Amino acid sequence: MFWADEMADEIIAKYPGKEEFIIRDEKTPSGRVHIGSLRGVVIHGVVAQALKERGKKVRFIYEFNDADPMDGLPVYLDEAKYRQYMGKPLKDVPSPHEQLGGEPAKNYAEYFSREFLKVINDLGFQPEIIYSSDLYKAGHYDEWIKKVLENKDKVRQIYREVSGSEKPEDWYPLQVVCEKCGKTGTTKVTGWDGTNVTYECMPNMVEWGVGCGFKGSCTPFGGQGKLPWKVEWPVKWASMNVDVEGAGKDHAAAGGSHDIAERVCAEVLGTHVPYNIPYEFFLFGGAKMSSSKGKGASVMEVAELIPGALMRFLMIRKKPNQPIDFNPDGPTIPVLFDQYDECAGFYFDKKGEFPDLERAFHFSQVSGGASGVEKHYYPRITRIAFLEQIPHVDLYEEVAKLKGSALTDADRAEVDLRKHYAELWLKDFAPDAYRFTVQETVPVGASALSENQKKFLGAIAETLAEKDWTGDELHGKIHELKEASGMPPKEAFGALYMALLGKESGPQAGWFLEALDKNFLIERFGEISKS
Ligand SMILES: [Zn+2]
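Residues numbered from 1 in each chain as written. Predicted model: local features only at pLDDT ≥ 70, side-chain atom pairs only at ≥ 80, totals over all residues. Heavy atoms only, no water.

## Quick look at the overall build of the chain
Next up, step 1: Helix and strand content of the chain: 24 helices and twelve strands.
Next up, step 2: Radius of gyration (C-alpha) of the chain: 30 Å, far over the 24 Å computed for a compact globule of 531 residues.
Next up, step 3: Dimensions of the chain, computed from C-alpha atoms along their principal axes, come out at roughly 100 × 55 × 40 Å.
Next up, step 4: Across the 531 residues in the chain, those meeting the buried criterion constitute 51%.
Next up, step 5: Within the chain, residue pairs in contact and separated by at least 24 positions form 67% of the contacts whose partners lie at least 6 positions apart.
Next up, step 6: When the accessible surface of the chain is totalled, it reaches about 23700 Å², and 50% of it is carbon and sulfur.
Next up, step 7: Averaged over its 65 positive side-chain charges, the chain has a centre that lies 3 Å from the centre of its 81 negative ones. (Helix = DSSP H or I, 4+ residues; strand = E, 2+ residues; numbered from the N terminus. Rg over C-alpha atoms; globule rule 2.2 N^0.38 Å. Buried < 20%, exposed > 50% of the residue type's maximum accessible area, 1.4 Å probe, protein only. Contact = heavy atoms within 4.5 Å. Areas by Shrake-Rupley, 256 points an atom, 1.4 Å probe, with all protein chains shown as cover. Lys, Arg positive; Asp, Glu negative; His and termini not counted. Charge placed at Lys NZ, Arg CZ, Asp CG, Glu CD.)

## Focus on the packing of aromatic side chains
Next up, step 1: The full count for this structure, using the stated rule, is 30 aromatic pairs.
Next up, step 2: The interplanar angle of 35 degrees and the centroid separation of 5.7 Å between the aromatic rings of Phe-64 and Tyr-131 together place this pair among those described as tilted. A residue pair is termed long-range when its members are at least 10 positions apart, and Phe-64 in strand 2 (residues 57-64) and Tyr-131 in strand 3 (residues 128-131) qualify at 67 residues.
Next up, step 3: Summarising the aromatic geometry, the rings of Trp-425 and Tyr-434 are spaced 5.2 Å apart at their centres and angled 70 degrees between planes, so their arrangement reads as edge-to-face.
Next up, step 4: Overall, the relative accessible area of 1% leaves Trp-425 in the buried class.
Next up, step 5: Tyr-434 sits in the partly exposed class, given a relative accessible area of 35%.
Next up, step 6: Here the basic side chain of Lys-351 rests over the ring of Tyr-347, its NZ or CZ set 3.6 Å away from the ring centre.
Next up, step 7: The ring of Trp-469 has Lys-467 lying over it, and the distance from NZ or CZ to the ring centre is 4.8 Å. (Phe/Tyr/Trp six-rings, centres within 6.5 Å; stacked < 30°, edge-to-face > 60°. Lys NZ or Arg CZ within 6 Å of the ring centre and 35° of its normal.)

## Some points on the coordination of the zinc ion
Next up, step 1: The zinc ion binds to the protein through Cys-178 (SG), Cys-181 (SG), Cys-201 (SG) and Cys-212 (SG); the donor distances cover 2.3 Å.
Next up, step 2: Mapped onto the polypeptide sequence, the residues donating to the zinc ion form the spacing pattern C-x2-C-x19-C-x10-C. Of the two residues, Cys-178 is situated in the loop between strand 4 (175-176) and strand 5 (187-192) and Cys-212 in the loop between strand 6 (197-201) and strand 7 (215-218); the sequence distance between them amounts to 34 residues.
Next up, step 3: Note on Cys-178: relative accessible area 3%, which makes it buried. (Donors = N, O, S within 2.8 Å, 3.2 Å for Na, K, Ca; no water.)

## Remarks on the environment of Tyr-141
Next up, step 1: Summarising the element assignment, Tyr-141 is placed in the loop between helix 6 (132-137) and helix 7 (142-150).
Next up, step 2: For the pair Tyr-141 and Ser-239, spaced 98 residues apart in sequence, the C-alpha to C-alpha distance is 6.8 Å.
Next up, step 3: When near neighbours in sequence (up to four residues on either side) are disregarded, Tyr-141 contacts Glu-63, Ser-132, Leu-135, Tyr-136, Val-235, Lys-236, Ser-239 and Met-240.

## Comments concerning unusual backbone geometry
Next up, step 1: Notably, Asn-241 is not glycine yet its phi reads approximately 55 degrees, a positive angle.
Next up, step 2: Inspection of the secondary structure puts Asn-241 in the loop between helix 9 (229-240) and strand 9 (247-248).
Next up, step 3: At His-392, a position not held by glycine, the phi torsion is positive, near 55 degrees.
Next up, step 4: For His-392, the position within the fold is in the loop between helix 17 (381-388) and helix 18 (395-403).

## Things to note about helix 15 (residues 332-349)
Next up, step 1: The end-to-end C-alpha distance of helix 15, which contains 18 residues, comes to 25 Å, matching closely the 26 Å that a straight helix rising 1.5 Å per residue would cover.
Next up, step 2: Those residues of helix 15 that sit buried are Ile-333, Pro-334, Leu-336, Phe-337, Tyr-340, Asp-341, Cys-343, Ala-344, Gly-345, Phe-346, Tyr-347 and Phe-348.
Next up, step 3: Considering only its buried residues, helix 15 is in contact with helix 14 (308-316), strand 12 (324-326), helix 16 (355-364), helix 17 and helix 19 (409-428). (Expected span 1.5 Å × (residues − 1).)

## What to know about the side chain of Arg-39
Next up, step 1: For Arg-39, the position within the fold is in helix 2 (residues 38-53).
Next up, step 2: Buried charge without a partner: Arg-39 forms no salt bridge, and the closest opposite charge is Glu-280, 5.8 Å away.
Next up, step 3: Within polar-contact distance, the side chain of Arg-39 engages the backbone oxygen of Glu-280 at 3.1 Å.
Next up, step 4: The contacts of Arg-39, once residues within four sequence positions are left out, are Glu-280, Phe-281, Phe-282, Met-315, Lys-318, Lys-319, Pro-320, Gln-322, Pro-323 and Ile-324. (Salt bridge = Lys/Arg side-chain N within 4 Å of Asp/Glu carboxyl O. Polar contact = N/O pair within 3.5 Å; in protein donor to acceptor, adjacent residues only side chain to side chain.)

## Digging into the nonpolar core
Next up, step 1: The biggest cluster of nonpolar side chains holds 112 residues, and the ones touching the most others in it are Leu-38, Leu-496, Phe-512 and Phe-525.
Next up, step 2: Filtering out sequence-adjacent residues up to four positions away, Phe-512 remains in contact with Phe-386, Ile-390, Phe-436, Val-438, Tyr-497, Leu-500, Leu-501 and Pro-507.
Next up, step 3: Among the nonpolar cores identified, the runner-up in size contains 42 residues, and Val-162, Cys-178, Val-231 and Val-235 belong to it. (Core = buried A, V, L, I, M, F, W, Y, C linked by side-chain atoms within 4.5 Å.)

## As for the pairing of strand 1 (residues 20-27)
Next up, step 1: Judged by how many residues are buried, strand 1 sits mostly within the fold: six of eight residues are covered.
Next up, step 2: Taken together, the eight bridges between strand 1 and strand 2 define a ladder with parallel strand orientation. Following the sheet pairing, Arg-24 is matched in strand 2 by Ile-61.
Next up, step 3: Following the chain from strand 1 across helix 2 to the adjacent parallel strand 2, one finds a crossover that is right-handed. (Pairing = 2+ DSSP bridges. Right-handed = clockwise from strand over helix to strand, strands pointing away.)

What follows is the structure in structure tokens.
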């Protein structure tokens, strides 16, 4: 059974009789969101979909942690301008739209959340969006903050027992917004009398931000207080009655934040731990990519490289507990398209042979399922990339030949879509062997061809003049001519590529010649053979 279906069944079994499920995920918008963060969204999104398909109601909540302090400066931001905000809640840091472009946003957190959300929506996921600061401000977490403060020693003990982290006896699992400088990341709570907390804004507590030294007292409620992540997480589960929430590898490790959150949930808050989906990293090509191609790994940039269905497919074809390493350099993208097409083939034409592959195709659809997808022809993307580089080619006509019948509207839409992504791939990622330009005049290198090579080209010209050949026929015929010439393949085909492309290698000869204008070929080969 496909993993998302298996999980949906497990979730239903874990909560007998439950009809409505809350599934939650989150992200701290501390800068451009890395493509890896999309994996969590897609996993939660397809599990929500699988639950709905089983007749359950599902609320998919996505929270942006805009109350988190700014604790790092992305390299693409103006350091002189942003240094002063280090330690402030992300919602109180100015939006960088003037420097980075795009729509004006209310604040820093909103700017980067919106970029990410656009990609999430483009993939067909429509979670309910929540900003943490709104919940803090509305008092949604107040009763839980009180519980945490009342049980600070228990929380401290859990930290020690689970992760070995020793907190001093006077430690409080809370920070507050400094009333003087507005920072949370630099404050230390020093006391709690059941109504107010006392605190100090510390100049040297963290390396990345400088507190103002103010000492004061304030309420920890209504948005003044901010829980540390490992305690905030279970408070979110408890306050929203979360039933399902996965955890990325960095949080799911033994002794990590999920383990602490589980115990806080059970022993301090007295609520249930959501069904967990531990998931592995999604890695992107690495530093090599960003330096050599000038492409970053932000979700916005990577989402432009492949269509939404392929992005979903990439994220779900492996089980959550398996890492994904995506490097768009080389043949990766066409291979992904081919695998997707194979799944489409099983879904439409070979029902029941590989049910998991059919489900992968189903869950890949941005429209929310495969039942609304019209069966159509999926031309191989390498073939589209090839045809794209042949001058004067009618792409629809060539694809119709491949299909063996006239194209439908859905077929044409697929051709248009693949044309766009084939062009992107050719421009930035295709290996040299896939790239070529048919030369308008006889390439200089052709003058160095041997008599034998020229004779071979002359023989091809004569053959071409005999009739209209199909690619397959031509493929066979050229191999016959090559055999007759006595030349090794590299020498024979090398002549052909030199005559047309000015280089020694190129696409498969039969298909290549069939796609080019016949009179052009006869003239070009004839000219070289007589020179
Ligand atoms: Zn301060």
